[in-house]
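Topology and contacts: notes
Chain residues, written in single-letter form:
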Amino acid sequence: ARTNPTRLPVNRTGPPRICMKLLPTPPASSDPYSHHRLPPPPQLRRASFPPAASRPFAGLLRAARVRCSSSSAAGRGRGSVAPAVARFQRRMAVSGTEHAYSNILTSLPKPEGGEYGKFYSLPALNDPRIDKLPYSIRILLESAIRNCDGFQVTKNDVEKIIDWENTSPKLAEIPFKPARVLLQDFTGVPAVVDLAAMRDALAKLGSDANKINPLVPVDLVIDHSVQVDVARSSNALQSNMELEFTRNRERFGFLKWGSTAFQNMLVVPPGSGIVHQVNLEYLGRVVFNTDGIMYPDSVVGTDSHTTMIDGLGVAGWGVGGIEAEATMLGQPMSMVLPGVVGFKLTGKLRNGVTATDLVLTVTQMLRKHGVVGKFVEFHGEGMGKLSLADRATIANMSPEYGATMGFFPVDHVTLDYLRLTGRSDETVSMIEAYLRANNMFVDYNEPQLERVYSSYLALDLDEVEPCISGPKRAA
């Protein structure tokens, strides 16, 4: 039998008394759990209220209704609306007018005549604070200026970034719109499924399903499905790929459909390499030129090691699936304006010292310094002696030392790598011309202006020694 406690009135002179009322045993039923199910809801009835005259504050409520109705009628006569709606309409009206920074939209000429395109020029703002900004923060600034619509991104947001030296310690919040999104097949399939579901819902409503598309370029690299079943054989690669396609036939077929159904989506097939390698060698634009407007490449990816692209001078880091989908649909990311740790490199690595030794040394220093939630920006004359492969290895370790990204600004080493990986000379020339014109290119043959950082670290590459990583064991 079950019991139902019924609380009696409290005895003021002693503790409350509890009476346990026995309930009958539920009858046998084909459903052994039927007595656990909730009873059906009672039929809803219109509530009966006492006469208005007997209700408290009835007069005040009646007077308030009269005032509201009279003001509403007067407002309708003047064409006014509720304050919240009015504010929204004002912001939408502002967002539909001329761009707030159209006066700094500048043409970038080609050496042989004509122009590469137009860009929002940071030097044209004539603000001395911008010259002291870290290069990574300048990318956030350019994005805010270009996307400033008075609604999602406002001039106040732009001012926060320009005044980064003062606003960053206050943990000011800013919106950021990355240039593109990077996905891999494990985390990318749910994102494509959501887009397909939205198309299905739109079709059921009788609208055009083709309206559902990513608003920014989306690159999906299929690399997380690989398994090694065959080894030590001349046909191992082919055999493993055939097995991979057999196992993932449904998923791959769906992604192939997505690559043709959606605009702004590129799917890199299996067997092309790991996502970060493909991102470095092929997908990284460094500078976009879309509809005649040029802007720096930036990316968020659904893989924690998306930061590897920072070695190419592209601002990028890992996010969750929700943030990635929001970016795909044109929504800005809300982020705290980060502090930037300036990491100065000098000297040159000695013979026999590998990139792994350098990475472990840098990781140890940054963990000790504390860089969680911050950008790390590398600079100094030692950068010219550091290959892009070494830079990418350091940037790839950002999740290990806790930073949002480890950023290497674009310089001549970056341009050499772009040529090495098949980018055309015209593309490389455009990238260099844009970054120089917008004060985002580092030329170590020219005098360097002193930039402001939140904190500072320095490492002489000559002092890096061979080392290993692992648990320390007592002798």
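Reading the values: the criteria
Residues numbered from 1 in each chain as written. Predicted model: local features only at pLDDT ≥ 70, side-chain atom pairs only at ≥ 80, totals over all residues. Heavy atoms only, no water. UniProt positions renumbered as here; feature names shortened; annotations may be inferred. Buried < 20%, exposed > 50% of the residue type's maximum accessible area, 1.4 Å probe, protein only. Helix = DSSP H or I, 4+ residues; strand = E, 2+ residues; numbered from the N terminus. Pairing = 2+ DSSP bridges. Right-handed = clockwise from strand over helix to strand, strands pointing away. Expected span 1.5 Å × (residues − 1). Lys, Arg positive; Asp, Glu negative; His and termini not counted. Salt bridge = Lys/Arg side-chain N within 4 Å of Asp/Glu carboxyl O. Contact = heavy atoms within 4.5 Å. Core = buried A, V, L, I, M, F, W, Y, C linked by side-chain atoms within 4.5 Å. Domains from an automatic or database assignment. Axes fitted to C-alpha atoms, helices over the stretch in contact; angles between N-to-C directions. pLDDT = per-residue confidence, 0-100.

- An unreviewed UniProt entry annotates the protein as aconitate hydratase of Aegilops tauschii subsp. strangulata.
- The UniProt entry for the protein carries the following text under Cofactor (unreviewed entry): "[4Fe-4S] cluster".

Description of the pairing of strand 14 (residues 340–346)
- Taken across its seven residues, strand 14 has five buried, putting it largely inside the fold.
- Of the strand pairs in this sheet, strand 14 and strand 15 (residues 375–379) are connected by five bridges, and their pairing is parallel. Residue pairing across strands places V341 opposite V376, the latter belonging to strand 15.
- Following the chain from strand 14 across helix 12 (residues 355–369) to the adjacent parallel strand 15, one finds a crossover that is right-handed.
- Direction of pairing for strand 14 relative to strand 17 (residues 455–460): parallel, over a ladder of six bridges. Paired with G342 across the two strands is Y456, which belongs to strand 17.

What about helix 4 (residues 135–146)?
- The end-to-end C-alpha distance of helix 4, which contains 12 residues, comes to 17 Å, matching closely the 16 Å that a straight helix rising 1.5 Å per residue would cover.
- Residues of helix 4 that are buried include every one of Y135, S136, I137, R138, I139, L140, L141, E142, S143, A144, I145 and R146, and no others.

Examining the side chain of D390
- Here D390 shows up in helix 13 (residues 388–396).
- The buried charged residue D390 lacks any salt bridge partner; its closest oppositely charged side chain belongs to R391, at an N-O distance of 8.2 Å.
- With sequence-adjacent residues up to four places away left out, D390 is seen in contact with L349 and A355.

So, the nonpolar core
- Judged by nonpolar contacts, the single largest core of 85 residues is most densely connected at L140, L141, V286, L312, W317 and L435.
- If one sorts the elements of this core by residue count, helix 4 sits on top with seven residues.
- A domain split of this core shows at least three residues from each of domain 1 (98–176) and domain 2 (178–335).
- The residues contacting L435, other than those within four sequence positions of it, are V286, V287, V410, M440 and F441.

Structural notes on the sheet that holds strand 15
- Taken together, four strands build an open sheet; the order of strands is 16-15-14-17 and the sheet is parallel. Edge positions in the sheet fall to strand 16 (405–407) and strand 17, since each of these pairs with one other strand and no more. Put simply, the sheet's adjacent strands are angled 20° from each other on average, direction ignored.
- Those strands touched by helix 12 are strand 14, strand 15 and strand 17, and its axis lies near 155° from that of strand 17.

Here we look at the pattern of salt bridges
- Scanning the model with the defined rule gives 17 salt bridges in all.
- Close ionic contact of K110 with E426 constitutes a salt bridge, the shortest N to O distance being 3.7 Å. Of this pair, K110 sits in the loop between strand 3 (105–109) and strand 4 (115–120) while E426 sits in helix 16 (residues 425–437), and the two are 316 residues apart along the sequence.
- The exposure class of K110 is partly exposed, given its relative accessible area of 24%.
- The exposure class assigned to E426 is exposed, which follows from its relative accessible area of 53%.
- Put simply, D127, R129, E159 and D163 are held in one network by salt bridges that share partners.

Looking at helix 15 (residues 412–420)
- Taken as a whole, helix 15 has its buried residues at V413, T414, L415, Y417 and L418.
- Within two residues after helix 15, G422 carries a phi angle of roughly 95°, on the positive side.

Some thoughts on the pairing of strand 10 (residues 293–296)
- Across four bridges, the pairing between strand 9 (residues 287–290) and strand 10 is antiparallel. By the bridge assignment for strand 10, N289 is matched with M294.
- Linking strand 9 back to strand 10 in an antiparallel pair, the connection comprises two residues, with D291 at a positive phi of about 55°.

Some words on the confidence of the model for the protein
- Confidence in the prediction of the protein, expressed as mean pLDDT, is 84, and 79% of residues score 70 or more.
- Low pLDDT, under 50, characterises residues 1–50; the predicted model gives this stretch 27 contacts beyond four residues in sequence or across chains.
- Overall, residues 52–61 carries pLDDT values under 50, and its contacts beyond four positions in sequence, including any with other chains, amount to three contacts.

Structural notes on the sheet that holds strand 6 (residues 180–184)
- Taken in spatial order, the five strands of this open sheet run 8-7-6-11-12, and their pairing is parallel. This sheet does not close on itself; its edge strands, each paired only once, are strand 8 (265–268) and strand 12 (315–318). Going across the sheet, the axis of each strand differs from the next one's by a mean of 20°, ignoring polarity.
- One ladder, built from four bridges, connects strand 11 (residues 298–301) with strand 12; its direction is parallel. Each bridged residue has a counterpart across the sheet, and for S298 the counterpart in strand 12 is A315.
- Helix 10 (residues 275–283) contacts strand 6, strand 7 (218–221) and strand 8 of the sheet and is inclined by roughly 145° relative to strand 6.

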